[in-house]
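# Coordinate analysis (summary)
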Amino acid sequence: MPVSDEERTWAMLAHLLTLVGYVVWIGAYLVPLVIYLVYKDKSPFVAFHALQSLFFQLALLVVVAILLLLSLTVVFGCVTIPAFVVLGIGALIYVIVAAIRAYNGELFEYWLVGNWAWQIVGI
């Protein structure tokens, strides 16, 4: 499926702008949602990347909530602090890789949530 430069740029931004969530918490969810809503009828390529970026951020939210609950105990607190560090660095790298691959015009698929976005967008 050939994609324009504009589509590749917006697909990349759908991933990279979730990093705004490290500064403004709601940004990680709001930015890909807005991009998806704008492009869902214009470009399946951009819609796919924006939607799976949103799903990935929501999945991270669930994992962080579980880790926070586990960290309330002393035993699990020792395990969850390193897990937060690994999760943060891993998520950052994964988002950057997804953005680069989207800019290259690839239909990069996040593990676990990518298939769900495929089904909704219908590519």
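For the structure, check the block above.
First, a word on scope: everything that follows refers to the structure included in this document. (Residues numbered from 1 in each chain as written. Predicted model: local features only at pLDDT ≥ 70, side-chain atom pairs only at ≥ 80, totals over all residues. Heavy atoms only, no water.)

### Overview of the overall build of the chain
Note the following rule: A run of H or I in DSSP counts as a helix once it spans at least four residues, and a run of E counts as a strand once it spans at least two, with each numbered from the N terminus. Between two residues, a contact is recorded if the distance between any of their heavy atoms is within 4.5 Å. The protein chains shown are the only cover counted for residues, whose accessible areas, like all others here, come from Shrake-Rupley with a 1.4 Å probe. Neither His nor the chain termini are counted; the positive set is Lys and Arg, and the negative set is Asp and Glu. A charged residue contributes its charge at one atom only: NZ of Lys, CZ of Arg, CG of Asp or CD of Glu.
Helix and strand counts for the chain stand at 5 helices and 0 strands. Each helix (α) and strand (β) of the chain, taken in turn from the N terminus, gives the series α-α-α-α-α. Counting only C-alpha atoms and orienting by the principal axes, one finds that the chain spans roughly 55 × 25 × 25 Å. Of the contacts made within the chain by residues no fewer than 6 positions apart, 68% connect residues no fewer than 24 positions apart. Approximately 7100 Å² of the chain is accessible, and the part contributed by carbon and sulfur atoms is 75%. Taken as two groups, the 4 positive and 6 negative side-chain charges of the chain have centres that lie 3 Å from each other.

### Some remarks on the side chain of arginine 8
Rules: Residue exposure (1.4 Å probe, protein chains only): buried if accessible area is under 20% of the type maximum, exposed if over 50%, otherwise partly exposed. Two N or O atoms count as a polar contact when they lie within 3.5 Å, although within protein this holds only if one can serve as hydrogen donor and the other as acceptor, and sequence-adjacent residues are included solely when both atoms are side-chain atoms.
Within the secondary structure, arginine 8 sits in helix H1 (residues 5-16). By relative accessible area, arginine 8 is classed as buried at 18%. A distance of 2.6 Å separates polar atoms of two side chains, one belonging to arginine 8 and the other to aspartate 5. A polar contact of 2.4 Å, which involves the side chain of arginine 8, links it to the backbone oxygen of tyrosine 103. Filtering out sequence-adjacent residues up to four positions away, arginine 8 remains in contact with Val3, Phe45, Ala102, Tyr103, Asn104 and Gly105.

### Brief notes about helix H5 (residues 114-121)
The condition is simple: This arc corresponds to the set of directions leading from the helix axis out to the C-beta atoms.
Of all the positions in H5, only Gly114, Ala117 and Val121 are classed as buried. One side of H5 carries all its buried residues, which in axial view fall inside an arc of 60°. Taken together, the buried residues of H5 touch helix H2 (27-39) and helix H3 (44-70). In the segment just after H5, glycine 122 is the residue with positive phi, at about 80°.

### A look at the packing of H1 against H3
We apply this condition: Axes here refer to lines fitted to C-alpha atoms; in helices the fit is confined to the stretch in contact. Angles between the N-to-C directions go from 0 to 180 degrees. Orientation labels follow simple angle bins: below 35 degrees gives roughly parallel, above 145 gives roughly antiparallel, 65 to 115 gives roughly perpendicular, and whatever is left gives oblique. Amino acid classes used here: Ala, Val, Leu, Ile, Met, Phe, Trp, Tyr, Cys and Pro are nonpolar; Asp, Glu, Lys and Arg are charged; the rest, including Gly, are polar.
Axis separation between H1 and H3 bottoms out at 8 Å; the angle between their running directions is 5°. Our classification of the angle between H1 and H3 gives roughly parallel. Contacts from Glu7, Arg8, Trp10, Ala11, Ala14 and His15 of H1 reach H3 at Phe45, Val46, His49, Ala50, Gln52 and Ser53. Its residues assigned to classes, the contact of H1 with H3 shows 6 nonpolar, 4 polar and 2 charged.

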